[in-house]
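Secondary and tertiary structure notes
The primary structure of each chain is shown beneath.
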Amino acid sequence: MSETTAVRVCRSDELVNGGLCVKLAAQDRHGPTSVFFIRYQDRVYGYLNRCLHMGIAIDWEGSVFTRAGDQLMCAQHGATFAPDTGACMGGLNMKGRLSPLQVQERQEGGDSVVYWLPDERVWPAAQPAA
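Read on for an overview of the structure. (Residues numbered from 1 in each chain as written. Predicted model: local features only at pLDDT ≥ 70, side-chain atom pairs only at ≥ 80, totals over all residues. Heavy atoms only, no water.)

Description of the overall build of the protein chain
To be explicit about the condition: In this text, helices come from DSSP runs of H or I with a minimum length of four residues, and strands from runs of E with a minimum of two, each type numbered from the N-terminal end. The globule rule is 2.2 Å times the number of residues to the power 0.38, and the radius of gyration it is compared with is taken over C-alpha atoms. A 1.4 Å probe rolled over the protein chains alone gives each residue an accessible area, and that area as a share of the maximum for its type sets the label: buried under 20%, exposed over 50%, partly exposed in between.
A count of helical and extended segments in the protein chain gives 0 helices and 10 strands. Taken from N to C terminus, the helices and strands of the protein chain fall in the order β-β-β-β-β-β-β-β-β-β. Here the C-alpha atoms of the protein chain give a radius of gyration of 14 Å, agreeing with the 14 Å that 2.2 N^0.38 yields for 130 residues. The principal-axis extent of the C-alpha atoms belonging to the protein chain is close to 40 × 35 × 25 Å. In the protein chain, buried positions account for 45% of the 130 residues.

Here it is, written out as structure tokens:
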């Protein structure tokens, strides 16, 4: 993508600290994938939905947080990740991290809205790579 076009993700109030994620279909050099967006300690974060260890989506029906809401956890094999950095906290690849996305919260007509700013690594599924 030569120019970053912001993609509307959701209203800010749809993301709750430690709650369900919002997922969007995406594409990267490996093919179709998805991305997810969360709120942790009142900040919004976005990541490529791919576990470092197995290359599979980490969510289970929109759930990515541990029950305590303090870490992200791969639903397939239990690897854990820091919600604010994506760093692996437990699992097979302790030196790796989830691939972060650039996100913003913007005011629009009295509402706060979450936007994803895609780049050349990961882009919305409907758009071809540059």
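Now that the structure has been shown, we can carry on.
Observations concerning the sheet that holds strand S10 (residues 122-124)
The line we're drawing: A pair of strands is considered paired only if DSSP assigns at least 2 bridges between the two. To get an axis, a line is fitted to the C-alpha atoms, and for a helix only the part in contact is used. The angle between two axes follows their N-to-C directions and goes from 0 to 180 degrees.
A sheet is described by the order of its strands in space; here 7 strands give the open sequence S1-S9-S8-S4-S3-S2-S10, paired in antiparallel fashion. Both outer strands of the open sheet, strand S1 (7-11) and S10, are each paired with one neighbouring strand and no more. Going from strand to strand, the sheet's axes swing by 40° on average, the running direction of each strand aside. Judged from the 2 bridges that link them, strand S4 (residues 43-48) and strand S8 (residues 100-108) form a sheet pairing that is antiparallel.

Digging into the nonpolar core
Definition in use: By nonpolar core is meant a set of buried Ala, Val, Leu, Ile, Met, Phe, Trp, Tyr and Cys residues that side-chain atoms within 4.5 Å join together.
If you look at the biggest cluster of nonpolar residues, it comprises 16 residues, and the most contacted ones within it are Phe 36, Ile 38, Ile 58, Val 64, Leu 72, Phe 81 and Leu 98. Of all the secondary-structure elements, those providing two or more residues to this core are strand S3 (31-40) and S4. For this core, the leading source of residues is S3, giving 3 residues. With 14 residues, the next largest nonpolar core counts Cys 10, Phe 37, Val 114 and Trp 116 among its residues.

Let's talk about the packing of aromatic side chains
Selection criterion: Aromatic rings from Phe, Tyr and Trp, taking only the six-membered ring of Trp, are treated as a pair when their centres fall within 6.5 Å; an angle between ring planes under 30 degrees marks them as stacked, one over 60 as edge-to-face, and anything in between as tilted. Look at NZ for Lys and CZ for Arg. If either is within 6 Å of the ring centre and within 35 degrees of the ring normal, a charge sits over the ring.
Counted according to the given criterion, the structure contains 3 aromatic pairs. An angle of 25° between the planes, with centres 6.4 Å apart, marks the rings of Tyr 40 and Phe 65 as stacked. Placement of Tyr 40 in strand S3 and of Phe 65 in the loop between S4 and strand S5 (72-73) is noted, with a sequence separation of 25 residues between them. Residue class for Tyr 40 comes out buried when judged on its relative accessible area of 13%. Residue placement shows Arg 106 over the ring face of Tyr 115; its charged tip is 4.4 Å from the ring centre.

Quick look at unusual backbone geometry
Unlike most non-glycine residues, Asp 42 shows phi in positive territory, near 70°. Among the secondary structure elements, Asp 42 is positioned in the loop between S3 and S4. A relative accessible area of 57% places Asp 42 in the exposed class. You will see that Glu 61, though not glycine, has its phi angle at about 50°, which is positive. Secondary-structure assignment places Glu 61 in the loop between S4 and S5. For Glu 61, a relative accessible area of 65% gives the class exposed.

Here we look at the sheet that holds S5
In spatial order, the strands read S5-S6-S7; together these 3 strands make up an open sheet with antiparallel pairing. Either end of the sheet is taken by a strand with one partner, and the two such strands are S5 and strand S7 (88-90).

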